[in-house]
Protein chains: 2
Amino acid sequence: MSKLIQEIDTTIIRAFRGKGYKATPQRIAISRFVLCNHNHPTVHKVYCEVRKAYPTVSLATVYKTIQILKEIGLVHELNLPRDQTRLDSNLNLHLNLVCLRCGSIKDHEDPMIEAIISRVSAAEQFAPREQRFDVYGICANCRGDVIL
Amino acid sequence: MSKLIQEIDTTIIRAFRGKGYKATPQRIAISRFVLCNHNHPTVHKVYCEVRKAYPTVSLATVYKTIQILKEIGLVHELNLPRDQTRLDSNLNLHLNLVCLRCGSIKDHEDPMIEAIISRVSAAEQFAPREQRFDVYGICANCRGDVIL
DNA sequence: ATGGGTGCAAAATCTTTGCACTCAG
DNA sequence: CTGAGTGCAAAGATTTTGCACCCAT
């Protein structure tokens, strides 16, 4: 096991225990996959991948673990239309460029996002806590491809 | 029936027929409610309200009609976490301030949104088509209320 | 050793679909 | 008239839950 994975595992174990949750091997395997994978996987994708290394995990455990990861703030959830929920382990303020053709999601950080949220919140007396900024369209790769 | 509703009905009928869909009384009733209601109702809310005026409409018809409204671009869909899909009939570029306490959603238009999307799209060679910008937090009203 | 966690299966939601009947154009 | 639309119920899809057994602490 690489040095990097060891570090991530340590982080995960600390995060769980710190909130009073047990650091079981299932939870570690699930969390490791979610936090290391920056392709915004679906819950089902996580389940399938984790099962390769850990054939007995159940979908219920995956859902429960992801619930905890959201609660302790290690992942966010993207609710896309015409698609399933996808997980986002980039905790920085960013927007998601969602390709309508290939389904890829690319993060893009931009200081203006912060600015806009501050401004609108001040204007509306709104106390912001989280945000989701998704732009749907066609990615550079798919634009290169052919027709339509 | 008021003058205003007549106008909206005319718009709806034209929109449906223009795309080759029949303008049935059910579709008109559903569309009228969705387009006139700016509280971002859930599908179920639409169903309940339309049923008051039209007791025989089925949930399936409501879903199918909303599907068409999305297709012809008269409504957008907000996919919120920990909540059901909600409908948005404000077609202008705006962000949604979603209150985590009372569930209200307030629109806010801001020219910076356009700017940021243009900039990021240019940088990433991305062709944007739609976007969703939701900020979760506590609204002015709920902040005024009591504790926590 | 013990209370929380796991895995399974069943339930709960939300949304879509198949089909016979109906009605808008 | 006639094909598209409706309403119902059944099927799908995703997520949650109840419960007996297990294991991390």
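Residues numbered from 1 in each chain as written. Chains lettered and ligands numbered in written order. Predicted model: local features only at pLDDT ≥ 70, side-chain atom pairs only at ≥ 80, totals over all residues. Heavy atoms only, no water.

> Please provide a residue-by-residue account of the protein's contact with DNA strand D, values included.
Residues in contact with DNA strand D amount to 22 residues; listed here are only the nearest, A:R17, A:Y63, B:T24, B:Q26 and B:R27. Backbone sugar and phosphate groups make up 73% of those atoms of DNA strand D lying within 4 Å of the protein. Within the side chain of A:R17, an N or O atom sits 2.5 Å from a phosphate oxygen of DNA strand D. In this structure, A:T85 approaches DNA strand D through a side-chain N or O atom, which is 3.0 Å from a phosphate oxygen. (Near = heavy atom within 4 Å. Polar contact = N/O pair within 3.5 Å; in protein donor to acceptor, adjacent residues only side chain to side chain.)

> Pulling in residues and values, what's your account of the packing of aromatic side chains?
Going through the model one piece at a time under the given rule, you end up with 1 aromatic pair over all chains. With 3.9 Å between their ring centres and 5° between their planes, A:F133 and B:F133 make a pair best called stacked. Taken together, the residues A:F133 in strand 5 (residues 127-138) and B:F133 in strand 5 (residues 127-138) connect one chain to another. Taking the relative accessible area as the measure of exposure, A:F133 reaches 1% and is therefore buried. (Phe/Tyr/Trp six-rings, centres within 6.5 Å; stacked < 30°, edge-to-face > 60°. Helix = DSSP H or I, 4+ residues; strand = E, 2+ residues; numbered from the N terminus. Buried < 20%, exposed > 50% of the residue type's maximum accessible area, 1.4 Å probe, protein only.)

> Just give me the short version of empty space enclosed by the protein, but keep the residues and values in it.
Summed over the entire model, instances satisfying the criterion amount to 1 cavity of 30 Å³ or more. Of the voids in this model, the largest cavity is the one considered here, and its volume is about 60 Å³. Looking at the largest cavity, the residues that line it are A:N79, A:P81, A:R132, A:D134, A:Y136, B:N79, B:P81, B:R132, B:D134 and B:Y136. Of all the secondary structure elements, the ones that give two or more residues to the lining of the largest cavity are strand 5 of chain A together with strand 5 of chain B. Taken together, the residues of the lining of the largest cavity sort by class into 4 nonpolar, 2 polar and 4 charged. (1 Å grid on protein atoms, 1.4 Å probe; cavity = no way out; pocket = protein on both sides within 12 Å on 5 of 7 lines; lining within 4 Å. Points joined across faces, edges and corners; volume = space filled by probe spheres on them. Nonpolar A, V, L, I, M, F, W, Y, C, P; charged D, E, K, R; others polar.)

> Kindly report on the pairing of strand 4 (residues 105-108) of chain B, identifying the contributing residues and their values.
Residue and element names in this part refer to chain B. Both strand 3 (residues 95-99) and strand 4 contribute to a ladder of 4 bridges, which runs antiparallel. Bridge pairing in strand 4 links L95 to H108. Counting the residues between successive antiparallel strands, the hairpin from strand 3 to strand 4 contains 5 residues, one of them, G103, with a positive phi of roughly 80°. (Pairing = 2+ DSSP bridges.)

> Please give an account of the interface of chain A and chain B that cites residues and values.
Every contact between the two is made by 40 residues of chain A and, on the other side, 40 residues of chain B. Of the roughly 3700 Å² buried where chain A meets chain B, counting both sides, 63% is carbon and sulfur surface. There are 4 salt bridges connecting chain A and chain B. For B:E124, the salt bridge is made with A:K106, and the minimal N-O distance between the two is 2.8 Å. Counting across the chain A and chain B interface gives 16 residue pairs in polar contact (both at pLDDT 80 or more). (Contact = heavy atoms within 4.5 Å. Buried area = accessible area lost by both parts, 1.4 Å probe. Salt bridge = Lys/Arg side-chain N within 4 Å of Asp/Glu carboxyl O.)

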